[in-house]
Amino acid sequence: AQTVTQSQPEMSVQEAETVTLSCTYDTSENNYYLFWYKQPPSRQMILVIRQEAYKQQNATENRFSVNFQKAAKSFSLKISDSQLGDTAMYFCAFMPTLNYGGSQGNLIFGKGTKLSVKP
Amino acid sequence: EPEVTQTPSHQVTQMGQEVILRCVPISNHLYFYWYRQILGQKVEFLVSFYNNEISEKSEIFDDQFSVERPDGSNFTLKIRSTKLEDSAMYFCASSGLGVRSSYNEQFFGPGTRLTVL
């Protein structure tokens, strides 16, 4: 069974600094997708960034980037120039490969990292 | 920008009562999901739905749960006889196929907070 582990329950960072959130996962599959979701106090789930396992290049979205190490099954999130609005729970999630004609696959989430950005 | 909507935002019910949580997925999406998050815990998959039938379900999704797409827009989760441990945030999500920007991306609704007393 696939599992996702986030080893940092809580982290804090000063505004404008850089922080890295860790995520490891376990799977026997070769093709899959990885995601980082942000959940602010409103509890809305917001997609931050997505990585396809078959792509070697690390995904980036503005201030957010990932370090995807497939062999190590590691998928960390780096937030640069942290802003107060980045304060939230961050969930790492794994999704198996699309099954054509069937389900797109359910997301398997880690337990989350609570990030606090301090002024 | 299209979004997933859920109603109600907060539902309070007595143990043993039936509840129906409603979701309106993004209109051109074909895959629909329900997840739940007990307070302070991780988000857990409940069920996925495609082509008017359940595609996958987790062990949490037992006989007291059911899903339905009664018309072309709504997607509902019914809990027949609620228990205290059903208190959680329930998220609906949907995803599309063939739209590159949303390929394999699940869009989440704002959630329904269910409180069972």
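Data block above holds the structure.
Residues numbered from 1 in each chain as written. Chains lettered and ligands numbered in written order. Predicted model: local features only at pLDDT ≥ 70, side-chain atom pairs only at ≥ 80, totals over all residues. Heavy atoms only, no water.

Q: Looking at this structure, how should I read the pattern of salt bridges?
A: Close approach of charged atoms allows side chains with opposite charge to pair. All names here are of chain A. One pass over the full model with this rule turns up five salt bridges over all chains. Two residues, Lys 73 and Asp 26, come together in a salt bridge whose shortest N-O distance is 3.8 Å. Residue Lys 73 is found in the loop between strand 8 (64–69) and strand 9 (74–79), and its partner Asp 26 is found in strand 4 (residues 24–26); the two are separated by 47 residues along the sequence. Looking at Lys 73, the relative accessible area reads 26%, which means it is partly exposed. For Asp 86, the salt bridge identified is with Arg 63, shortest N-O distance 2.8 Å. Placement of Asp 86 in the loop between strand 9 and strand 10 (88–96) and of Arg 63 in the loop between strand 7 (60–61) and strand 8 is noted, with a sequence separation of 23 residues between them. (Salt bridge = Lys/Arg side-chain N within 4 Å of Asp/Glu carboxyl O. Helix = DSSP H or I, 4+ residues; strand = E, 2+ residues; numbered from the N terminus. Buried < 20%, exposed > 50% of the residue type's maximum accessible area, 1.4 Å probe, protein only.)

Q: For this particular structure, what's the right way to read the pairing of strand 9 of chain A?
A: Walk down a regular strand and you will see the side chains alternate between the two sheet faces. All names here are of chain A. Burial of strand 9 is extensive: five of the six residues sit out of reach of the surface. In this structure, strand 3 (residues 19–21) lies alongside strand 9, joined through three bridges in antiparallel fashion. Paired with Val 19 across the strands is Ile 79, a residue of strand 9. Examined bridge by bridge, strand 8 and strand 9 share six bridges and lie antiparallel to one another. Bridge pairing in strand 9 places Ser 65 opposite Lys 78. (Pairing = 2+ DSSP bridges.)

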